[in-house]
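# Coordinate inspection notes
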Amino acid sequence: MDADPALRSRVDQTLAWLVEDGAAVSDALIALLAGLEAEGPAILVVDMIEQGLDHASQEALIAHLRRRGPGGRPLFLLTRSCAILDLAAVGTDEAIILCPANHSPPTCVARYPGTPGYEAVATCLASPEVRARTDGVIAWRPRVA
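One structure accompanies this document, and this report is about it. (Residues numbered from 1 in each chain as written. Predicted model: local features only at pLDDT ≥ 70, side-chain atom pairs only at ≥ 80, totals over all residues. Heavy atoms only, no water.)

### Some points on the nonpolar core
- Formed by 19 residues in total, the largest nonpolar core has its most connected members in Leu18, Leu29, Leu32, Leu33, Leu36, Ile49 and Leu61.
- Looking at this core, the elements that each hand over two or more residues are α1 (5-20), α2 (27-37), β1 (44-46) and α3 (55-67).
- Counting residues in hydrophobic clusters, the runner-up holds nine residues, among them Leu85, Leu98, Val109 and Leu125. (Core = buried A, V, L, I, M, F, W, Y, C linked by side-chain atoms within 4.5 Å. Buried < 20%, exposed > 50% of the residue type's maximum accessible area, 1.4 Å probe, protein only. Helix = DSSP H or I, 4+ residues; strand = E, 2+ residues; numbered from the N terminus.)

See below:
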């Protein structure tokens, strides 16, 4: 951002709005905003968008992104956070794509309870506090001698 004053200005403005909405300033939030605000590809993919953000910051961020409306650059946000993906708040200009843990092909999931895949998505989501308990944990099988 030091080399791009226009980007710094956009990040600072967005950061101020998010702080006003309850977000906490952090290196993770600033790095995320730099990526979101940078000129770049027509479509942006962000894996685990909630990484390093507290609950209030996640809620402020997703509210900000939703206010962009359907005219904003398309974003693919991978998340396991119910603060980012609040199933009750999904708008008509948003899509839910379930990527099953068993590596089956991804499927689009309608935003209504009872539709195929809805419960699977709901069970994948957890609050930031719950997700923090397993941050950095990796599942592995011990070698059998």
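### Some thoughts on the packing of α1 against α3
- At a closest axis distance of 9 Å, the pairing of α1 and α3 adopts a crossing angle of 120°. As the angle between them shows, α1 and α3 are arranged oblique. Both α1 and α3 take part in a crossing whose hand is right-handed. Each of Thr14, Trp17 and Leu18 in α1 lies in contact with α3, whose residues at this interface are Ala60, Leu61 and His64.
- Each residue belonging to the contact of α1 with α3 can be placed in one class, and the counts come to four nonpolar, two polar and no charged. (Axes fitted to C-alpha atoms, helices over the stretch in contact; angles between N-to-C directions. Parallel < 35°, antiparallel > 145°, perpendicular 65-115°, else oblique. Left-handed = near helix turned anticlockwise from the far one by under 90°. Contact = heavy atoms within 4.5 Å. Nonpolar A, V, L, I, M, F, W, Y, C, P; charged D, E, K, R; others polar.)

### Things to note about the layout of surface pockets
- Space inside the largest pocket adds up to approximately 1100 Å³.
- Taken together, 32 residues make up the lining of the largest pocket; nearest its centre are Phe76, Leu77, Leu78, Ala95 and Ile97.
- Taken together, the elements giving at least two residues each to the lining of the largest pocket come down to α3, β2 (75-77), β3 (96-98) and α4 (118-124).
- Along the lines of polarity and charge, the residues of the lining of the largest pocket split into 22 nonpolar, three polar and seven charged. (1 Å grid on protein atoms, 1.4 Å probe; cavity = no way out; pocket = protein on both sides within 12 Å on 5 of 7 lines; lining within 4 Å. Points joined across faces, edges and corners; volume = space filled by probe spheres on them.)

Function cannot be inferred from these measures alone, as they are strictly geometric.
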